[in-house]
Amino acid sequence: AVVSTQSGHYGRGMTCHKKYKIRKKVREHNKKLAKTLKNSVTKKRKIDGKVPNLAPFKEELLLEAIQQTQLKNDEKKLRKKTKLPIIVTNKKPDTPKVAAPKSVSAHITLSQCDILLWVIDIRNVNECLCTDFDKTIKEANKTIIFLLNKIDLVPSNIVKKWYGILSTRAPTFVMKSTEIILTECEQIVPALKQVLAKFGGAKPILAYLKNTYTEATKIGVIGTKTVGKSCVVSTLLKCCGRTKAKRSVDTKLNENLRLVTTPGLIEMERSGVLNVMDNLSQYMNYPSQVLVALSEHITKEAAMFHFTLPHYNHPDGLLDALAVRYNLYFEKLPDHAAVGRLILKLLRDAKLKFYVDETEEDTAQADIPADMMLDVKRFLYEGDALRITASDLNIVIVKKEKSTDCDSALIPLL
């Protein structure tokens, strides 16, 4: 039955004003209880668990340690209250820590080592080979072993072609880039990622060195900039179980073999795509001019296939076609600078596969031995990469002149 209240309206329960007032009183009461409990509860003393239970006088030792910490805390509180004068002492100048060099000159490694592992980036082999340094190696009667690195970034037919060319000059081996493995294997367990990064084709090289050289020999790693010299050194060390050996000058791989951990740098001028990737921060200021130079060495069919473009006038219309493809406009006009920055970022992140091939199309492809491809074949790239026909891009950078307001101010008075 509906009960009438004194206020004049009808309802089954209490008013909202009364209900919210009760809730507020309950909250305030709970706050007071929590505050009193917080002040009354004594904190537990932390017991050091490093002292074993069987040790004699354990309790006395722990009590002494606790008393010492309490005395230190009391002294700190007294210092804060009294504000004792600060005594300034002359500190000794910190000696700067000298970091170990990432690389040394290749001539130093040539004088120290008997065998030289020449690391080559297979995306642009001609920019990694130096004919002058090759002559000095032959004059010094040192043996060369070529390492074709980053073979998982180019098609397999290009790997076979360069393997056939270089294997006629010296023993040649192939390796995959360990950095790309760790980014592409996202679905693999992290522990398995480390195992895959260790063996990027190092097993066949070590087996060849151990079988052929039975006397005491020193091995060095050489190559140009950003070809993966330090990655090759780390994979060889990890394959032998030497994880902390990179701090030393040279490491023992076997009873007879020793590896020099600091690679040798071959200094040579480069003017191709690898040079652009090395100095990407500088070329980002002139991205459209880099892309114009690159378009002269790309075929129209390759550009249409890789960027999914319609028919256009090659090479002048490549920038406009790419701007329409990626919807990059500035003031209702195709933004060439934004297109160039996008292509350079794709090259930097290895999302745009490319290779420089100046050889003839009829060059024979050599079969790589099966034991050499055991660690590498799982991550080989079977697709098509962007073919660049020349290693010299001839980039012409024209700086834009800033328009000054002085020219507009010089108006002839009539």
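Structure: above.
Below: a short report on this structure. Because the structure is predicted, anything quoted here is derived from the model rather than measured. Residue positions are counted from 1 within each chain, in the order its sequence is given. Totals for whole chains, interfaces and linings use all residues, but because this is a predicted model, local features are given only for residues with pLDDT of at least 70 and pairs of side-chain atoms are given and counted only at 80 or more. In computing side-chain properties, one takes all heavy atoms of the structure into account and sets aside hydrogens as well as water.

### Section: the nonpolar core
- In these notes, a set of buried Ala, Val, Leu, Ile, Met, Phe, Trp, Tyr and Cys residues joined through side-chain atoms within 4.5 Å is what counts as a nonpolar core. Buried means the residue's accessible area, taken with a 1.4 Å probe over protein chains only, is under 20% of the maximum for its type, while exposed means over 50%, and partly exposed covers the values in between. If you look at the biggest cluster of nonpolar residues, it comprises 58 residues, and the most contacted ones within it are Trp 118, Ile 120 and Leu 148.
- Under the DSSP-based scheme used, a helix requires at least four consecutive residues in state H or I and a strand at least two consecutive residues in state E, with every element numbered from the N terminus. With 6 residues, the top contributor of residues to this core is strand S2 (residues 115–121).
- Of all hydrophobic cores here, the second largest spans 31 residues; its members include Val 276, Ile 298, Phe 354 and Ile 388.

### Section: unusual backbone geometry
- The residue after His 314, namely Pro 315, is reached through a cis peptide bond having omega 0 degrees.
- Looking at where Pro 315 falls in the secondary structure, it is placed in the loop between helix H13 (300–307) and helix H14 (318–326).

### Structural notes on the pattern of salt bridges
- The term salt bridge refers to a pairing of a side-chain nitrogen on Lys or Arg with a carboxyl oxygen on Asp or Glu at a separation within 4 Å. Across all of its chains, the model carries 9 salt bridges by this definition.
- Put simply, Arg 123 and Asp 121 hold a salt bridge, and the shortest N to O gap is 3.1 Å.
- For Arg 169, the salt bridge goes to Asp 134, with nearest N and O atoms at 2.7 Å. Within this pair, whereas Arg 169 is found in the loop between helix H5 (156–166) and strand S4 (172–174), its partner Asp 134 is found in helix H4 (residues 131–139), the two being separated by 35 residues in sequence.
- Given the relative accessible area of 8%, Asp 134 is considered buried.
- Each of Asp 121, Arg 123 and Lys 150 takes part in salt bridges that share partners, so that together they form one network.

### Some details on the side chain of Glu 127
- With respect to the element layout, Glu 127 can be found in the loop between S2 and H4.
- At 2.7 Å, the side chain of Glu 127 forms a polar contact with the backbone nitrogen of Gly 272.
- In this description, contact between two residues means that some pair of their heavy atoms is separated by no more than 4.5 Å. With near-sequence residues (within four places) excluded, Glu 127 lies in contact with Thr 224, Met 268, Arg 270, Ser 271, Gly 272, Val 273, Leu 274, Asn 275 and Ser 391. In the analysis that follows, any N or O atom pair within 3.5 Å is treated as a polar contact, provided that within protein one partner can donate a hydrogen and the other can accept it, and provided that, for residues neighboring in sequence, both atoms belong to side chains.

### A word on the environment of Ala 364
- Here Ala 364 lies in the loop between strand S11 (354–356) and strand S12 (386–388).
- Ala 364 gets classed as exposed once you look at its relative accessible area, which sits at 60%.
- Counting along the chain gives 199 residues from Ala 364 to Ile 165, while the straight-line C-alpha distance between them is 8.6 Å.

None of this, on its own, says anything about what the molecule does.
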